[in-house]
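Structure assessment
These are the residues of each chain, in order.
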Amino acid sequence: MNKLGFYYSESFINKLNLWQWWLVAIAMTVFSHAVMGWLNGMYDSTKPPASFMAIQTAFSGEQIKAYYQVFIEQGTMGLYIQTQFADYLYMATVVLHMVTLAIALYKSLPEAWPQLKKVAKWLVILAPAAPTFDALENLVSAFMLVDPTGFANWIAIPYSSLAVGKFASYMLIYLWALVAILLSVFGHGYLMLMRAKLNRA
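Structural notes, computed from the coordinates.

Further remarks concern a nonpolar patch on the surface. On the surface, a nonpolar cluster with roughly 550 Å² of combined accessible area is contributed by F85, Y88, L136, L139 and F143. Here the element with the most residues in the nonpolar patch is helix α7 (residues 129-146); it accounts for three residues. Residue class for F143 comes out exposed when judged on its relative accessible area of 60%.

This is the structure we're talking about:
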């Protein structure tokens, strides 16, 4: 059996046709963004001193402790911790969203461009990278939240590094989505034009 990367088989990819994969991908995208809206509302209820991104990419133990101190003084630290656990539900929806989108993009590219299809295969494999980084980042934050104003400052480095990896992975997949859609439209249009010319010859 031909394998698509390490854990997606061609038989799995071919269980649905192109348009079915796009319908699933769109549905998963809508669902994931709905969960994200719920999670953002939960985070906003903590009266945060800064955005998720600002806290996660601070790269400074002292700065993160200062943010945590605000939650403690406001009495919202418990809700903030609940938000960290709720984030795992969002991560699960992101896996579904990213993987189905990557598969839809893979199937959209013309078979006449095998090298580009190889790139698309690797993007299917890398699709779960963002939620994986997110899960590891939350695991590190769990150790920090055991003692939110007394954890070792060096822990902020791996914590923020994982956050940067997460945001970079999101950017990579969404940038690829834009490029792949444009290439798919151009590629299929070009092939149709060439076939029309051959038929007229």
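A few words on the nonpolar core. With 30 residues, the main nonpolar core has L105 and W176 as its most contacted residues. Going through the elements one at a time, α2 (18-44), α5 (77-108), α6 (114-126) and α8 (156-200) are the ones with two or more residues in this core. It is α5 that contributes the most residues to this core, 11 residues altogether. What W176 contacts, discounting residues up to four positions off in sequence, is L105, L109, L116, V119, A120 and L123. Core analysis: the second largest hydrophobic core is formed by 18 residues, Y67, Y80, L145 and I155 among them.

Attention shifts here to the packing of aromatic side chains. Counted under the stated rule, the structure contains eight aromatic pairs. Aromatic pair Y43 and F52: ring centres 3.9 Å apart, planes at 15 degrees, arrangement stacked. Neither residue differs from the other here; Y43 and F52 are each classed as buried. Judged by centre distance (6.4 Å) and plane angle (10 degrees), the ring pair of Y170 and Y174 falls under stacked.

Turning to the side chain of D134, a few remarks are in order. When you line up the elements, D134 lands in helix α7. Since its relative accessible area comes to 2%, D134 is described here as buried. In this structure, D134 is in contact with D87, M91 and K166, ignoring residues within four places of it in sequence.

In total, this model carries four salt bridges according to the counting rule given. In this structure, K65 engages E62 in a salt bridge whose closest nitrogen and oxygen atoms are separated by 3.9 Å. Taken together, the residues K65 and E62, both in helix α4 (residues 61-74) and three residues apart, mark about one turn of the helix. Note that K166 and E137 form a salt bridge whose closest N and O atoms lie 3.1 Å from each other. Placement of K166 in helix α8 and of E137 in helix α7 is noted, with a sequence separation of 29 residues between them. The burial state of K166 is the same as that of E137; both residues are buried. Overlapping salt bridges, with partners in common, bring together D134, E137 and K166 in one network.

Positionally, S184 belongs in helix α8. S184 gets classed as buried once you look at its relative accessible area, which sits at 8%. The spacing of S184 and L105 is 79 residues in sequence and 8.3 Å in space, taken between C-alpha atoms. Discounting chain neighbours no more than four positions away, the residues touching S184 are S108, L109 and P110.

Cut-offs and rules
- One numbering rule holds for all chains: residues counted from 1, following each sequence as written.
- Only residues with pLDDT of at least 70 are given local features in this predicted model, and only at 80 or more are side-chain atom pairs given and counted; all residues enter the totals for whole chains, interfaces and linings.
- Side-chain metrics in this entry use all non-hydrogen atoms of the structure; hydrogen atoms and water are not considered.
- Patches here: salt-bridge-free residues with over 30% relative accessible area, like charges joined within 9 Å, nonpolar side chains (Val, Leu, Ile, Met, Phe, Trp, Tyr) joined within 5 Å.
- Accessibility throughout is a Shrake-Rupley quantity obtained with a 1.4 Å probe, and a residue counts as covered only by protein chains that appear here.
- A pairing counts as a salt bridge when a side-chain nitrogen of Lys or Arg comes within 4 Å of a carboxyl oxygen of Asp or Glu.
- We count a stretch as a helix when DSSP gives it H or I for four or more residues in a row; a strand needs E for two or more, and each element gets its number in order from the N terminus.
- Under the scheme applied here, a residue whose accessible area is under 20% of the maximum for its type counts as buried, over 50% as exposed, and between as partly exposed, the area being computed with a 1.4 Å probe on protein chains only.
- Throughout this description, the term nonpolar core refers to a set of buried Ala, Val, Leu, Ile, Met, Phe, Trp, Tyr and Cys residues connected via side-chain atoms within 4.5 Å.
- We call two residues contacting when some pair of their heavy atoms lies within 4.5 Å.
- Stacked, edge-to-face and tilted are the three classes for Phe, Tyr and Trp ring pairs, Trp counted by its six-membered ring, which pair at centre distances within 6.5 Å; planes under 30 degrees apart are stacked, over 60 edge-to-face, the rest tilted.

The analysis is restricted to geometry; functional conclusions fall outside its scope.
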